[in-house]
Amino acid sequence: MTDADPANQPQYTTAVEVDDFRRNIAAVQAKIDAAARRAGRDPGDVRLLPVSKTVPEERIVNAVAAGCHQLGENKVQEAKRKHGNLSDLDVSWSVIGHLQTNKAKDVAAFAGEFQALDSLRVAEALDRRLQAAGRSLDVYVQVNTSDEESKYGLTPDDLPALLKQLPNYSSLRVRGLMTLALFSDDVDRVRPCFQLLRGLRDRIRDEDPDLIGDGGLSMGMSGDYELAIEEGSTCVRVGQAIFGARATPDSMYWPS
Ligand SMILES: *Cc1c(COP(=O)(O)O)cnc(C)c1O
């Protein structure tokens with residue numbers, strides 16, 4: 001939240017005990033349901049993906065007890081550690097951050113989903129490792145919809161060419177597109193990012209529906225998920241509104 005006024009920021013209460021998680025999840029889910037209804041959509045069409053980055057394992061255990069069976073992590077190293085240490089829990093790990101090809105082996109080994117595919121090189125590296133492991137992986141292709149240097153993802157112009165190549169990597173199951181909107185309190189600047197992603201999805205679906213899987217749209221975070229749902233999101237990635245405010249700056253996750 002770079003150009004946001006701190007006075008306008010929601011207070012994120014830290015969840016520690018199972019009941020804290022139940023309360024925070026119920027509050028977020030109620031807002032998801034309301035946003036979907038406002039938009040004339042079925043709330044069941046929006047998946048809530050809790051994002052547990054920086055959250056220590058002893059609190060993640062309570063989040064899982066409260067019903068989180070899929071968790072998003074931005075960094076492969078951290079996801080791999082948590083997956084290993086919490087292997088007795090019923091939880092599937094979704095890697096939602098930029099991947100370097102030298103970490104493709106790890107993602108292929110443990111991830112249940114990868115939401116930040118942004119190059120052919122990464123697709124190739126993942127597919128090779130997945131084929132070797134006899135696994136397949138759900139992927140979302142990340143698009144930079146805010147036109148900021150600091151954001152990962154393909155430009156809208158480069159998206160169609162990548163999608164056309166992905167059927168060559170048969171272990172990757174394309175589920176849709178993913179984006180991070182501009183970090184701003186100004187709805188009029190955030191909303192166009194979501195509209196752009198939806199427009200890209202619609203156009204690709206019209207031209208060649210086989211290229212885009214379910215046509216899913218992973219968009220919306222703690223600060224903007226209601227807006228994203230109004231614009232068609234099918235997966236919201238929510239960290240702080242469930243786990244509590246993060247101490248680490250966002251520049252750890254996307255260069256600024
Ligand atoms: C951290 C993160 C989120 C969640 O952000 P919150 O502000 O904690 O809701 C969503 N998407 C990605 C890619 C992230 O790294």
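Predicted, not measured: the structure shown is a model, and the values here were computed from it.

About the thresholds
Residues numbered from 1 in each chain as written. Predicted model: local features only at pLDDT ≥ 70, side-chain atom pairs only at ≥ 80, totals over all residues. Heavy atoms only, no water. Helix = DSSP H or I, 4+ residues; strand = E, 2+ residues; numbered from the N terminus. Rg over C-alpha atoms; globule rule 2.2 N^0.38 Å. Buried < 20%, exposed > 50% of the residue type's maximum accessible area, 1.4 Å probe, protein only. Areas by Shrake-Rupley, 256 points an atom, 1.4 Å probe, with all protein chains shown as cover. Polar contact = N/O pair within 3.5 Å; in protein donor to acceptor, adjacent residues only side chain to side chain. Contact = heavy atoms within 4.5 Å. Pairing = 2+ DSSP bridges. Right-handed = clockwise from strand over helix to strand, strands pointing away. Near = heavy atom within 4 Å. Nonpolar A, V, L, I, M, F, W, Y, C, P; charged D, E, K, R; others polar. Phe/Tyr/Trp six-rings, centres within 6.5 Å; stacked < 30°, edge-to-face > 60°. Lys NZ or Arg CZ within 6 Å of the ring centre and 35° of its normal. UniProt positions renumbered as here; feature names shortened; annotations may be inferred. Expected span 1.5 Å × (residues − 1). Salt bridge = Lys/Arg side-chain N within 4 Å of Asp/Glu carboxyl O.

Let us now look at the overall build of the protein. Scanning the protein from N- to C-terminus turns up 9 helices and 8 strands. Since a compact globule built from 256 residues should have a radius of gyration of about 18 Å, the 17 Å found for the protein is in line with a globular shape. Looking at the protein as a whole, 52% of its 256 residues are labelled buried. Just so you have it, the protein exposes about 11800 Å², and 45% of that area is on carbon and sulfur atoms.

Let's shift gears to the side chain of S146. Residue position: S146 is located in the loop between β5 (137-142) and α6 (159-165). A distance of 2.7 Å separates polar atoms of two side chains, one belonging to S146 and the other to E148. Once you skip the residues sitting within four places of it in the chain, S146 turns out to touch K151, L180, A181, L182 and C193.

Let's shift gears to the pairing of strand β6 (residues 172-178). By the criterion of burial, β6 is predominantly enclosed, with 5 of the 7 residues buried. Of the strand pairs in this sheet, β5 and β6 are connected by 6 bridges, and their pairing is parallel. Looking at the pairing, V141 lines up with L177 of β6. Regarding topology, α6 serves as the crossover connection from β5 to the parallel β6, and that connection is right-handed. Inspection of the sheet shows β6 paired to strand β7 (residues 216-218) by 3 bridges, in the parallel sense. When the bridges of β7 are listed, L177 appears paired with L217. Crossover β6 to β7 through helix α7 (residues 187-207) is right-handed.

Glancing now at the site of the ligand. Looking at the ligand, there are 13 residues lining it, with K53, N74, S222, Q240 and R246 nearest. In the model, an oxygen atom of the ligand is placed 2.8 Å from a nitrogen or oxygen of the R246 side chain. Here the ligand, which alone exposes 390 Å², has 97% of that area covered by the protein. In the shell around the ligand, the residues fall into 6 nonpolar, 4 polar and 3 charged.

Glancing now at the packing of aromatic side chains. In total, this model carries 1 aromatic pair according to the counting rule given. Ring centres of F21 and F243 lie 5.3 Å apart, and the angle between their planes is 70°; this geometry places the pair in the edge-to-face category. Here F21 is found in helix α1 (residues 18-38), whereas its partner F243 is found in helix α9 (residues 240-243), with 222 residues between them in sequence. In this pair, the class of F21 matches that of F243, namely buried. Residue placement shows K53 over the ring face of Y253; its charged tip is 4.1 Å from the ring centre.

In the numbering used here, UniProt assigns the feature "domain: Alanine racemase N-terminal" (unreviewed entry) to residues 25-246. The distance separating the terminal C-alpha atoms of residues 25-246 is 17 Å; by composition the span is 41% helix and 17% strand.

Here the focus is the environment of V46. Note on placement: V46 falls in the loop between α1 and β1 (47-50). Separated by 121 residues in sequence, V46 and P167 place their C-alpha atoms 26 Å apart.

Turning our attention to helix α5 (residues 120-133). Taking 1.5 Å of rise per residue, the 14 residues of α5 would be expected to cover 20 Å, and the 20 Å separating its terminal C-alpha atoms lies within 8% of that figure. Taken as a whole, α5 has its buried residues at V122, A123, A125, L126, D127 and L130. Elements in contact with the buried residues of α5: α4 (104-110), β4 (113-117), β5 and β6. Two or three places before R121, at the start of α5, stands the capping residue S119, its side-chain oxygen 3.4 Å from that residue's backbone nitrogen. With its phi angle positive at about 70°, G134 sits one or two positions after the end of α5.

Next up on the list: the pattern of salt bridges. Going through the model one piece at a time under the given rule, you end up with 16 salt bridges. Residue R175 pairs with D138 through a salt bridge whose shortest N-O separation is 3.2 Å. Remark: D138 occurs in strand β5 and R175 occurs in strand β6; sequence separation between them is 37 residues. Residue classification places D138 among the buried residues on the basis of a relative accessible area of 15%. The structure contains a network of salt bridges with shared partners spanning R38, R191, R198, E230 and E231.

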